[in-house]
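Chain by chain, the residues run as shown.
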Amino acid sequence: MPSKNLAPVTVSHTVSDYLSCLQIVMVNTTLPANIGSAARAMHTMGLSRLTVVDPKLPIDETSVSHAAGGSEVLSSAIITPTLESAIADCQLVFAASSRSRHMPRPVVTPTQAAKIMFDFIDKQTAVDVANDSKSRQSNGKPNIAILFGREDRGLTNEELACADYHIQIDANPAYPVLNVASAVQVIASFIFAHAQTHVQTTSSVKDESTNAQPMLNVHLRQQWDEPAITQLQLQQLVQRTTDLMIQRGLADSEHLKSLPARLSRLGSRVQLDQKEYQLLSALIAKLAKS
């Protein structure tokens, strides 16, 4: 019998509402000045949430001088020791990468990434309103992270594996590598531009036939009746499944090299919700005891 929660819910957002759901995550930066430059780029494009993971040097006066008008973004930045703690409560994670890596995730352009982000926010917010479940998520908002790597070598394979999508910026194929703060500026610019268009479109009479679909063959859930799981829950599920397969003799040492990454990618592709997570967790617990 259809759930009454599936009834369409219309929620109006401003550009600021959308942008407040996004956080920029800088991983293991070397130069404090780049943190400041990224904060300035964020402020220019309306983003305010900055997380810095295990910086080699702390935020200092060079950070402040490079932040210029973005000093408020810099002063409110969160410093975390690990990437896992930075994205634990995120439901959707993107990673900026200039090249394909081992076991790649779906690759999208900045424009496609922005569309995926805002469509996700719309669907998640509609579910929260329909279920009256704002208390389930922090501040009642979806939480989306965009990861940026080190100045000299970007993100590692393990860090890229934490993302649901990889964002690649069109650039000179002979040298497609941007400075980290420049990459933040470019991607944030596409996001801000799409936010304005998205708000104008959703505030007018909607014509579904005119909504552009992603050019790449990526999977987007069309209807959510429960909130999506967080990154922390996904990694917990991956670990429990791995442990169960080891216990049952279904994974040898060769499989274990890539098994967690494959399970994580599977979870990203399936896009589990909270009820599905509970069902799988109960099944794994039962099998582990039997």
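Scroll up a little and you will see the structure.
All figures in this text were calculated on a predicted structure; none of them were measured in a lab. (Residues numbered from 1 in each chain as written. Predicted model: local features only at pLDDT ≥ 70, side-chain atom pairs only at ≥ 80, totals over all residues. Heavy atoms only, no water.)

**Things to note about the overall build of the chain**
Per the secondary structure count, the chain includes twelve helices and seven strands. Across the 290 residues in the chain, those meeting the buried criterion constitute 46%. Of the contacts formed within the chain by residues at least 6 apart in sequence, a portion of 86% connects residues at least 24 apart. By element, 56% of the accessible surface of the chain is carried by carbon and sulfur atoms, the whole surface being about 15000 Å². (Helix = DSSP H or I, 4+ residues; strand = E, 2+ residues; numbered from the N terminus. Buried < 20%, exposed > 50% of the residue type's maximum accessible area, 1.4 Å probe, protein only. Contact = heavy atoms within 4.5 Å. Areas by Shrake-Rupley, 256 points an atom, 1.4 Å probe, with all protein chains shown as cover.)

**A short note on the packing of aromatic side chains**
For the coordinates displayed, the defined rule picks out two aromatic pairs. Each ring, one from Phe 94 and one from Tyr 165, has its centre 5.4 Å from the other, and the planes form 20°; the classification is stacked. Taken together, the residues span a long stretch of sequence, with Phe 94 in strand β4 (residues 92-96) and Tyr 165 in strand β7 (residues 165-167) at a distance of 71 residues. Under the relative-accessibility criterion, Tyr 165 is labelled buried at 4%. (Phe/Tyr/Trp six-rings, centres within 6.5 Å; stacked < 30°, edge-to-face > 60°.)

**Digging into helix α11 (residues 259-270)**
Structural remark: α-helix, 3.6 residues per turn; residues separated by three or four positions point the same way. With twelve residues, α11 ought to run about 16 Å at 1.5 Å a step, and its terminal C-alpha atoms sit 16 Å apart, in line with that. If you check which residues of α11 are buried, you get Leu 259, Leu 263, Ser 264, Gly 267 and Ser 268. Where α11 is buried, its residues contact α9 (231-247) and α10 (253-256). Phi turns positive, to about 60°, at Gln 271, one or two residues after α11. (Expected span 1.5 Å × (residues − 1).)

**A look at the sheet that holds strand β3 (residues 78-80)**
The strand order across the open sheet formed by seven strands is β3-β2-β1-β6-β4-β7-β5, and the pairing between neighbours is parallel. The sheet is open, and its two borders are formed by β3 and β5 (107-108), each paired with just one other strand. Note: β4 against β7, three bridges, orientation parallel. Following the sheet pairing, Phe 94 is matched in β7 by Tyr 165. (Pairing = 2+ DSSP bridges.)

**Regarding the pairing of β4**
In terms of burial, β4 is largely enclosed, as five of its five residues are buried. Taken together, the four bridges between β4 and strand β6 (residues 144-148) define a ladder with parallel strand orientation. The residue bridging Leu 92 from the neighbouring strand is Ile 144, located in β6.

**What about a nonpolar patch on the surface?**
The grouping of Leu 280, Leu 283 and Leu 287 at the surface amounts to a nonpolar patch, some 230 Å² of accessible area in total. Within the element layout of this structure, Leu 287 appears in helix α12 (residues 274-289). Looking at Leu 287, the relative accessible area reads 35%, which means it is partly exposed. (Patch = residues over 30% accessible without salt bridge, like charges linked within 9 Å, V, L, I, M, F, W, Y side chains within 5 Å. Salt bridge = Lys/Arg side-chain N within 4 Å of Asp/Glu carboxyl O.)

**Here's the deal with helix α2 (residues 32-44)**
Between its first and last C-alpha atoms α2 spans 19 Å; for 13 residues at 1.5 Å apiece the expected length is 18 Å, and the two agree. The set of residues buried in α2 consists of Pro 32, Ala 33, Asn 34, Ile 35, Gly 36, Ala 38, Ala 39, Ala 41 and Met 42. Once α2 finishes, Gly 46 follows within two positions and takes phi at roughly 80°, a positive value.

**Digging into the side chain of His 166**
With respect to the helices and strands, His 166 occurs in strand β7. Here Leu 160 takes part through its backbone oxygen, which lies 3.1 Å from a polar atom of the side chain of His 166. When residues no more than four places from it in sequence are discounted, the contact partners of His 166 are Ala 95, Arg 105, Pro 106, Val 107, Val 108 and Leu 160. (Polar contact = N/O pair within 3.5 Å; in protein donor to acceptor, adjacent residues only side chain to side chain.)

**Observations concerning unusual backbone geometry**
Look at Asp 54: it is not a glycine, yet its phi comes out positive at around 45°. Tracing the chain through its elements places Asp 54 in the loop between β2 (50-53) and α3 (61-67). Although it is not a glycine, Gln 271 sits at a positive phi angle of roughly 60°. Looking at the element boundaries, Gln 271 is found in the loop between α11 and α12. For Gln 271, a relative accessible area of 14% gives the class buried.

Shape descriptors only; they carry no functional weight alone.
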